[in-house]
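# Fold and geometry: a report
The primary structure of each chain is shown beneath.
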Amino acid sequence: MKYGGYMGKFLTVDLSTGATGTWDTPDEMAEKYLGGRGFIAKMLYDRLAPKIDPLGPENVIIFATGPATGTLVPTTGRIAIGVKSPLTNTISASYLGGHFAGQVKYAGYDGIIITGVSPTPVTLVIDDDRVGLRDASGIWGKDTKESQDILRAELGEGFEIGAIGPAGENLVPIATFMHVQRAAGRGGSGAVFGSKKLKAVAVRGTGGISVGTPAEEFIQGCKEMHDIIMANPVRPAFRYAGTTGMLPVMNEVVGLPYMNHQDDKAPDVSFIHNEEIYKYVDKIESCAGCNVFCGAVVEFERGGKRYRTERLDHESTWALGPNCGIVDLPALMEANMLCDYLGLDTMSAGGAISWAMEMTQRGLLSKEETDGLDFSFGNADVLAPAIRSMAARQGFGDLLARGSREAARLVGRGEEYAMQVKGLEMSAYAPRGFTGMGLSFATTSRGADHNKAFTVAAEFLGVLGNYDRYALEGKPHLVKTMQDSTCIIDSLIMCMFTVDLGIGIDLYAKCAALPTGMRFTEADVYTVGERINTVERLFNMNEGFTRADDNLPPRFAREAAPSDPGHHTLDVTAVMDEYYAEREYDSEGVPTPALLERLGI
Amino acid sequence: MSHVEFDKDKCTDCRMCMQICSMHKLGRVTPAAACIQIDRERSKYYGDMGCRVCDMTHERACVDACPVEALIYEPDLDVVRFDAELCTECLACLDVCPNVARDVKSGRIMICDLCDGDPLCVKWCPEGALSWGAEA
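Calculation rules
- Residues numbered from 1 in each chain as written.
- Chains lettered and ligands numbered in written order.
- Predicted model: local features only at pLDDT ≥ 70, side-chain atom pairs only at ≥ 80, totals over all residues.
- Helix = DSSP H or I, 4+ residues; strand = E, 2+ residues; numbered from the N terminus.
- Rg over C-alpha atoms; globule rule 2.2 N^0.38 Å.
- Buried ≥ 20, exposed ≤ 12 C-beta atoms within 10 Å, placed from the backbone.
- Contact = placed C-beta atoms within 7 Å.
- Pairing = 2+ DSSP bridges.
- Axes fitted to C-alpha atoms, helices over the stretch in contact; angles between N-to-C directions.
- Parallel < 35°, antiparallel > 145°, perpendicular 65-115°, else oblique.
- Nonpolar A, V, L, I, M, F, W, Y, C, P; charged D, E, K, R; others polar.
- Core = buried A, V, L, I, M, F, W, Y, C linked by C-beta atoms within 7 Å.
- pLDDT = per-residue confidence, 0-100.
- Expected span 1.5 Å × (residues − 1).
- Arc of directions from axis to C-beta.
- Domains from an automatic or database assignment.

### What to know about the overall build of chain A
Each helix and strand in chain A was counted, giving 24 helices and 18 strands. Computed over its C-alpha atoms, the radius of gyration of chain A comes to 22 Å, within 12% of the 25 Å expected for a compact globule of 601 residues. Across its three principal axes, chain A shows a C-alpha extent of roughly 60 × 55 × 45 Å. Per-residue burial for chain A yields a buried fraction of 62% across its 601 residues. In chain A, 70% of the contacts between residues at least 6 apart in sequence involve partners at least 24 apart.

Structure follows, in structure tokens:
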């Protein structure tokens, strides 16, 4: 590897045979795909035959870091986990923070390629270049917290650990892989671990990362980035109350989905104001190399029990809270904790529960069908039993565990109330109130995902542009460029929050250039991002996705949010031709030969 | 006499101190080899923060343990210095003091020298969990 920041090789593990080895990271892959999400796009596209069973032996788990991971570039404690998603059948990369990512590089690897199926439950233990599979039958069945606690005690100092919970073991398509309480949450990678009998991964590295820029210049460049974030006026809000600060703001401007997206404003969000959330904080926590500090340990009581766990974040609070009409903060903290420990995606779990609630509200689902559980909007007491039954795949929980769309299909009704795209449940931004988010949900490769083009930055916060939030005019271009630039954040890998904290496109280019020593310009940000999005698109096309899949649930085109005085609706198909033209896709959404040639795909 | 002081209640476990220390001293980001080690109580979930760094009390166990003169006390700056040329890699210093680290790749013994009077770990700590100053 001729560039700095990379370790030059991936660890390969064949779970079927127990064989381990390495695969050299190609220079060309670094140049064209940068790292993280880009590596995953390229490697899964190259390695997976179309239409394989995501939970069969052919699926591959790829852990990928980026060239900035674990270096002094701020917020680079994140790692990407790529699989073909058992929830959506799309390509899927999800990301987790904490301290796991850096250790993979310090151990000497850009990532890990995991193939095959183990005959018995195992933990992959990576101790620098000593790699082995360890019997995990003793922790199989245990939750993510207990599994990690046991491994931490057994393996000794310095190991960073991630594990699946019962949900992943039970092949729940919305299962996560957890490191402490950081989740590779979306798209169900945890089920792929479960299908491979891979319970946990532990990694410790004593080596270092060499960079492609002279040391003093590198340190100075990184310090400038840190200083920009530290000086940003938004940072203290993250530091104080985590990521939930935006929820009341979104609600105030009629941009926060309520009761399964029936409205875009909740009557009461006072219970999740910053000062309410902060009341429970015991200690501020951060990922490696981060100075934003959105994490914290909280202590709370519910049902006579006292818990010490991770603070709620924006999306989990919304998905289980306002989205379900629930206003009980300790109930949300408990539900969030249960999802983390059992290994369920809080967002898809919330989306599946809110679907059941709307079905109940409309008289389309009876209590007999829900095993007697009361899925009325606002019923906080249903969260814990619903989540437990989903992880265990018991009764009605076995339906919900498959996500809202599949649950509707199995029940045989109510698919229009499954608020998802391509099977992935939607996030805490109202498409009717931020049309760019709607177009992004409809077109992003892994389904409805707020983090792949956070257009609210340009539609509301005045960062990276200034657009009318309701109009569709200009949105195809905005969504396309943000989808492309976000690929760089996901490939370096940095934290998405840096977008809100003063890191612009020029600085992301610098964050790529500093560790690698590549000449990396703003134009390269967009070109590499375009390449990554296009390869992800090709992967999905091979899976049979078509133009018809780039759409939102029908509600948004039919109904305005009752709280919206402007009565806005949203039909993103009105601008799909324009979006495809921006992307140089043909009218069916297929990348044109000219585009593939220009991008060297 | 002064040393880097640690406030466990302020530390968020970002470990940036370990990154900058190793980058500055080795030219590679190598947290395991940093002169300062953020060391969390691992028997508990989200356990108490801890930190290992030379406390500069200069009982000089490391110096005394060194069979050659690879570790030498330098009175002018009041720190212990390491000379790689003389080190035989006997690792005796590591045995006698938990605040001594070693870079596996180069074999270099790592011990805090206060960055010649301007400790970078203190400068980079985003929460002010690290500080230093002359004691009375």
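On we go.
### Focus on the overall build of chain B
When its secondary structure is counted, chain B shows four helices and nine strands. Against the 2.2 N^0.38 benchmark of 14 Å for 136 residues, chain B shows a C-alpha radius of gyration of 15 Å, consistent with a compact globule. Seen along its three principal axes, the alpha-carbon backbone of chain B occupies a region of about 40 × 35 × 30 Å. Looking at the 136 residues of chain B, the share that counts as buried comes to 42%. A separation threshold of at least 6 residues defines the contact pool for chain B, and within that pool the share at least 24 residues apart is 55%.

### Digging into the sheet that holds strand β15 (residues 295-302) of chain A
Sheet strands associate in pairs through backbone hydrogen bonding, adopting either a parallel or an antiparallel arrangement. Residue and element names in this part refer to chain A. Across the sheet, three strands lie side by side as β14-β15-β16; this open sheet has antiparallel pairing. Each having just a single partner strand, β14 (281-285) and β16 (305-310) make up the two edges of the open sheet. Between one strand and the next, the sheet's axes are offset by a mean angle of 20°, whatever the strand orientation. Note: β15 against β16, six bridges, orientation antiparallel. Directly across from E299, in β16, lies its bridge partner R308. Together, β15 and β16 form the strand contacts of helix α12 (residues 329-342), whose direction differs from that of β15 by roughly 115°.

### Some details on the sheet that holds strand β1 (residues 9-14) of chain A
All names here are of chain A. Pairing within the open sheet is mixed, and its six strands lie in the order β2-β1-β6-β3-β4-β5. Here the strands that pair on one side only, and so sit at the sheet edges, are β2 (19-24) and β5 (91-96). Averaged over all pairs of adjacent strands, the angle between their axes in this sheet comes to 20°, without regard to strand direction. By the bridge criterion, four bridges tie strand β3 (residues 61-64) to strand β6 (residues 111-115) in an arrangement that is antiparallel. From the neighbouring strand, A64 faces β6, where its bridge partner is G111.

### A short note on the packing of helix α19 (residues 475-492) of chain A against helix α21 (residues 522-542) of chain A
Two quantities define a packed helix pair, namely the angle between the helix axes and the distance between the axes. Residues and elements named next belong to chain A. Interhelical geometry of α19 versus α21 gives an angle of 90° and a closest axis separation of 7 Å. By the angle between their axes, α19 is roughly perpendicular relative to α21. On α21, the residues touching T481, Q483, D484, S485, C487, I488 and S491 of α19 are V525, Y526, V528, G529, E530, I532 and N533. In terms of residue class, the contact of α19 with α21 is built from six nonpolar, six polar and two charged.

### Thoughts on the interface of chain A and chain B
At the interface, 28 residues of chain A touch 25 residues of chain B. Those elements that provide at least two residues to the side of chain A that touches chain B are α4 (144-155), β13 (209-210), α7 (215-231) and β14 of chain A. Relative to strand β2 (residues 28-29) of chain B, β13(A) runs antiparallel, the two being bridged by two bridges. Looking across to β2(B), one finds that S210(A) is bridged to R28(B).

### Some words on the nonpolar core
Counting 235 residues, the largest nonpolar core has L344(A), I387(A), C17(B), I36(B) and C121(B) as the members making the most contacts within it. With ten residues, α12(A) is the single largest residue contributor to this core. Setting aside chain neighbours within four positions, we find I387(A) in contact with A335(A), L338(A), C339(A), L342(A), L344(A) and A349(A).

### Focus: the confidence of the model for chain B
All names here are of chain B. Mean pLDDT over chain B works out to 90, with 96% of the residues at or above the 70 mark. Taken element by element, chain B is modelled with least confidence in strand β9 (residues 130-134), mean pLDDT 80, and with most confidence in β2, mean pLDDT 98. Listed scores for the predicted complex are pTM 0.97 and ipTM 0.95.

### Description of α7(A)
Each turn of an α-helix holds 3.6 residues, which means side chains three or four residues apart point in the same direction. With 17 residues, α7(A) extends 24 Å between its outermost C-alpha atoms, agreeing within 8% with the 24 Å of an ideal straight helix rising 1.5 Å per residue. The set of residues buried in α7(A) consists of F218(A), I219(A), G221(A), C222(A), M225(A), H226(A) and I229(A). For α7(A), the buried positions fall inside an angular range of 165° around the axis, keeping them on one side. Opposite the packed face of α7(A), turned more than 90 degrees from it, sit the exposed residues E216(A), E217(A), Q220(A) and A231(A). Elements in contact with the buried residues of α7(A): α8 (235-241) and α20 (505-516) of chain A together with α1 (16-26) of chain B.

### A closer look at the domain arrangement of chain A
Residues and elements named next belong to chain A. Assigned domains within chain A: domain 1 (9-204), domain 2 (237-424) and domain 3 (430-599). Between the C-alpha centres of domain 2 and domain 3 there is a distance of 25 Å. Contact with domain 2, which involves 20 residues of that partner, is made by 22 residues of domain 3. For the side of domain 2 that touches domain 3, the per-class residue count stands at eleven nonpolar, four polar and five charged.

### Observations concerning the environment of A80(A)
Following the sequence through the fold, A80(A) ends up in strand β4 (residues 79-84). With 98 residues separating them along the chain, A80(A) and M178(A) place their C-alpha atoms 12 Å apart.

### Thoughts on helix α16 (residues 404-411) of chain A
Taken residue by residue, α16(A) has S404(A), R405(A), E406(A), A407(A) and A408(A) as its buried positions. Close packing links the buried residues of α16(A) with α13 (346-361), α15 (396-400), β17 (420-421) and β18 (424-425) of chain A.

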